[in-house]
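Remarks on the overall topology
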Amino acid sequence: MNTPLLVWIILAPLIGSLLNTGFYFYHVKKQKISEVIFALIGTITPLISFLITLCLFLQMQDEEVVFTQDLFTWISIGNLNIEMRLLGDNLAIFMSMFVTFIGWLIHIYAIGYMKGDDGFGKFFAYFNLFLASMLILVLADNPIILFIGWEGVGLCSYLLIAFYYQDKDNVLAGNKAFIANRVGDFGFLLGVVTLFFAIDANSLSFSTIEANISNAPTELLILSGFLLFVGAMGKSAQIPLYVWLPDAMAGPTPISALIHAATMVTAGVYMVSRFHFLYSGIEDIGTFIAYIGAFSALFAAIIATRQQDIKKILAYSTMSQLGYMFIGVGLGFYSTGLFHVFTHAFFKAMLFMGAGGIIIALHHEQNIFKIAQHRAQLPIIHFTFLVGVIAISGIPPFSGFFSKDAILAAAFQNGEYLIWAIGIFTAFLTAFYMFRLYFVVFVAPTKHVAQYTYTSKTITIPLLILSIGAIAAGFLNLPEVLGGETRVDTWLSQLNSHKLHLSHSTEYILMIISVVVALAGILVAYKKYAKFDVYKPESDEGIIANKFYVDEFYDKVLVQTSKKLSTFIDKVVDEKIIDGFIMSICDGFISFGKKVAMIQNANVRFYAAFMLVGMCCIFIYLYNLLGL
Amino acid sequence: MISLTSYAFVSMILFSIGVIGVIARRNIFVIYMSIELMLNGITLFFVTFARYHFNLDAQIISILVIAIAAAEAAIFLSVIILLFRSKKSLDTDVFNTLTQGENS
């Protein structure tokens, strides 16, 4: 069904961004504008998007319908037509529902967080643009439009991570995010091109690709599927392109929340789900994705256990949770993976916003042991943070349990016992490091309690709303074995090539195992950290605390080598060989020219001699020519 | 009777002496006289062939050459005077002002 509403989902935040940009320029050049105006524009526009999405969602409840909107023909070459068309099917609407909703809440939170900042207006301009880019990505009807959004979120993440650009480290972090993403984007682009080559159709919309995919040679599809996933590795911070994510914590906290919960990192999972018809045909690549996800989950969780920066712990936990999502989508359980995206968005946004609240209250202190030394009185943040920690640890009936457990059950059913085992072990680690964070920050004994209560409503209200989601979102997809209806699975049923059909007893056993494992993790964390002496913090030495030296390894192997190669090419190949060759040709011409110039010496007799020689030559030539 | 070849040979010698004079001598007067020699060589050639073929056309041309040479002499001598006034010399190598003195 064609509806003009679809474009307004994207346009609303885009217009907001443009308005804020304009006002911000006015603010900087002419006269100060109150923060209220920026905040109003910045928060109302995502709300409009959310309300439109909600309307479409409700309409989709009543009737089976897929919304589309044709805007214009973008590229038309020969038979090839690339339409600027938006697609609002079940997947896109599902995704944009929580992207806009949680994005909106984070915008509200940002009002309180960014209060008094010089770049308040600029921040909201970027923030709205970020949301608009993500919505372009979600509502795209073909991979090319998807790529616009894909690049848009990359750009915005760069702008926002390097938001405090006066500090060089932040700029470097922004660069790192951008460059790591470029590597992935290159893969994505190659993947799209390969796919275009493989299907050989006159349009590139998802429906055309799906219709023509059976004609395409399998090898090309495998290649394309792999390359597209390289893009997802970059965006969704999976091994080996994850290094930007922890550094991305340099930006203000609302950005971390937005990147980690609603936009950017979920783009990879969404993209794989979008190409479900492709990936369900090439199950080997799917398994590969699942393994990459599993190892990313484990790897990040191990690193997270020894980090001391509160936001970096959360960043690694995001990477770990994204690993779970990729296990889900890689094994063909797209709705399960997306459900984890959905629940994760709630509790991860909440955790980041809670962490942001603490960080503000303690004047930008991020080390958990130092936070513990000056604990602030923050009852609402304390409560919501606890909810988030429980949810991410996978304790029923909080939302994280259901989504994570469904993924593990899917792995178990597919016979990928290694992935299942890694997942279970990661669940243990997750419970451990999240409760380590919680116990150190909120429970461990401390002598000094700062009488500081953060009261800004714009910070606490979004937290409370999200906490409801974190507690209850799991019931949307309650598995049958617990008497639920698996609503999300049904809603996204056209994606799934597999269905969970384990026996009830097996499912119970799996659930019990994961709950026991999570409780064990909490217990270990309790033993070790509940009475932890925060005045003697853990050492930050050792291989885990140093993140397995991956950054150093990349620096040595990739950065330094390519630097050396570049220097070699510059100094030797370019200057010596190429310049030498070209310059010697030039020198030859110049010295030859100087010799020629010597002839023109204005000496009459010399000229006359030359004339004579020339005439003789002509006569000899004519003599031979005429055969005289 | 002196053969045609002998006449041709003499006129070619005259012409060659003229050419060598133009190329090898530096004095403008000598150059001028060498040019006259070349003209004379050619004129001799014309006259010889005119006699040989009993055709007066060539004779007319040779008289024309002599007339032009006379006119040329008048111009040439006045040019030489002008040149001498400007440089106080009759050496051709001095008159290389067209190179703006770059190579001299």
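About the criteria used
In every chain, residue numbers begin from 1 and rise along the written sequence. Each chain takes a letter, starting from A, and each ligand takes a number, starting from 1, following the order in which they are written. The predicted origin of the model limits local features to residues at a pLDDT of at least 70 and limits the giving and counting of side-chain atom pairs to 80 or more, whereas totals for whole chains, interfaces and linings rest on all residues. To get the side-chain values, all heavy atoms of the structure are used, and hydrogens and water are removed first. UniProt positions are given in the numbering used here, feature names are shortened, and annotations may be inferred rather than shown by experiment. Runs of E in the DSSP output that reach at least two residues are strands. Runs of H or I that reach at least four are helices, and both are numbered from the N terminus. Ring pairs shown here join Phe, Tyr and Trp side chains whose ring centres sit within 6.5 Å, with only the six-membered ring taken for Trp; geometry is labelled stacked below 30 degrees between planes, edge-to-face above 60, and tilted in between. Think of it in three bands: residues with accessible area under 20% of the maximum for their type are buried, residues over 50% are exposed, and the middle band is partly exposed, with areas taken using a 1.4 Å probe on protein chains only. Paired strands, as defined in this entry, are two strands with at least two bridges between them according to DSSP. One speaks of a salt bridge when a side-chain nitrogen belonging to Lys or Arg is within 4 Å of a carboxyl oxygen belonging to Asp or Glu. Contacts are residue-level and defined by heavy atoms, with any inter-residue pair within 4.5 Å sufficient. Two parts placed together each lose some accessible area under a 1.4 Å probe, and the buried area is that loss summed for both. We define a polar contact as two N or O atoms separated by no more than 3.5 Å, with the added condition that, inside protein, one atom must be a possible hydrogen donor and the other a possible acceptor, whereas residues neighbouring each other in sequence contribute only through side-chain atom pairs.

- You'll find chain B entered in an unreviewed UniProt entry as NADH-quinone oxidoreductase subunit K, with Malaciobacter molluscorum LMG 25693 given as the organism.
- The UniProt entry for chain B carries the following text under Catalytic activity (unreviewed entry): "a quinone + NADH + 5 H(+)(in) = a quinol + NAD(+) + 4 H(+)(out)".
- For chain B, the Sequence similarities (unreviewed entry) comment in UniProt is given as "Belongs to the complex I subunit 4L family."

1. Details of the UniProt feature "transmembrane region" (unreviewed entry) in chain B
- As recorded in UniProt, the sites labelled "transmembrane region" (unreviewed entry) are residues 6-25, 37-54 and 60-84 of chain B.
- The distance from the first to the last C-alpha atom of residues 6-25 of chain B is 28 Å, and the span holds 95% helix and 0% strand.

2. Points about the packing of aromatic side chains
Residue and element names in this part refer to chain A.
- Tallying each qualifying case throughout the model produces 45 aromatic pairs over all chains.
- Where F94 meets F342, the ring centres are 5.6 Å apart and the plane angle is 45 degrees; that geometry is what we call tilted. With F94 in helix α3 (residues 90-113) and F342 in helix α15 (residues 334-361), this residue pair connects regions lying 248 residues apart in the sequence. Taken as a pair, F94 and F342 share a single burial class, namely buried.
- Plain terms: the ring middles of F229 and F288 are 6.1 Å apart, the flat faces sit at 80 degrees to each other, and that makes the pair edge-to-face. Of this pair, F229 sits in helix α8 (residues 218-235) while F288 sits in helix α13 (residues 283-304), and the two are 59 residues apart along the sequence.
- Taking relative accessible area as the criterion, F288 reaches 31% and is therefore assigned partly exposed.

3. Overview of the pairing of strand β2 (residues 80-88) of chain A
- Both strand β1 (residues 67-77) of chain A and β2 of chain A contribute to a ladder of nine bridges, which runs antiparallel. Pairing of F67 of chain A across the sheet is with G88 of chain A, part of β2 of chain A.

4. With respect to the pattern of salt bridges
Residue and element names in this part refer to chain A.
- Throughout the structure, instances matching the rule amount to 10 salt bridges over all chains.
- Put simply, R85 and D141 hold a salt bridge, and the shortest N to O gap is 3.0 Å. In this pair, R85 is assigned in strand β2 and D141 in the loop between α4 (120-139) and α5 (143-161), connecting sequence segments 56 residues apart.
- Note that R274 is salt-bridged to D89, the shortest N-O span being 2.9 Å. Taken together, the residues R274 in helix α11 (residues 265-274) and D89 in the loop between β2 and α3 connect sequence positions 185 residues apart. In this structure, R274 and D89 share a single accessibility class: buried.

5. Thoughts on helix α10 (residues 253-262) of chain A
Residue and element names in this part refer to chain A.
- Counting buried positions over the 10 residues of α10 gives 10, a clear majority of the element.
- Looking at α10, one finds that the buried residues are T253, P254, I255, S256, A257, L258, I259, H260, A261 and A262.
- Two residues or fewer after α10 comes M264, characterised by a positive phi angle close to 45 degrees.

6. As for the interface of chain B and chain A
- Contacts between chain B and chain A engage 14 residues on the former and nine residues on the latter.
- Summing both sides of the interface, chain B and chain A together bury roughly 850 Å²; the carbon and sulfur share of this comes to 62%.
- Linking chain B with chain A are zero salt bridges, by the criterion used here.
- Counting every contact that joins chain B to chain A gives one residue pair in polar contact (both at pLDDT 80 or more).
- A per-element tally of the side of chain B that touches chain A places helix α1 (residues 4-24) of chain B first, with four residues.

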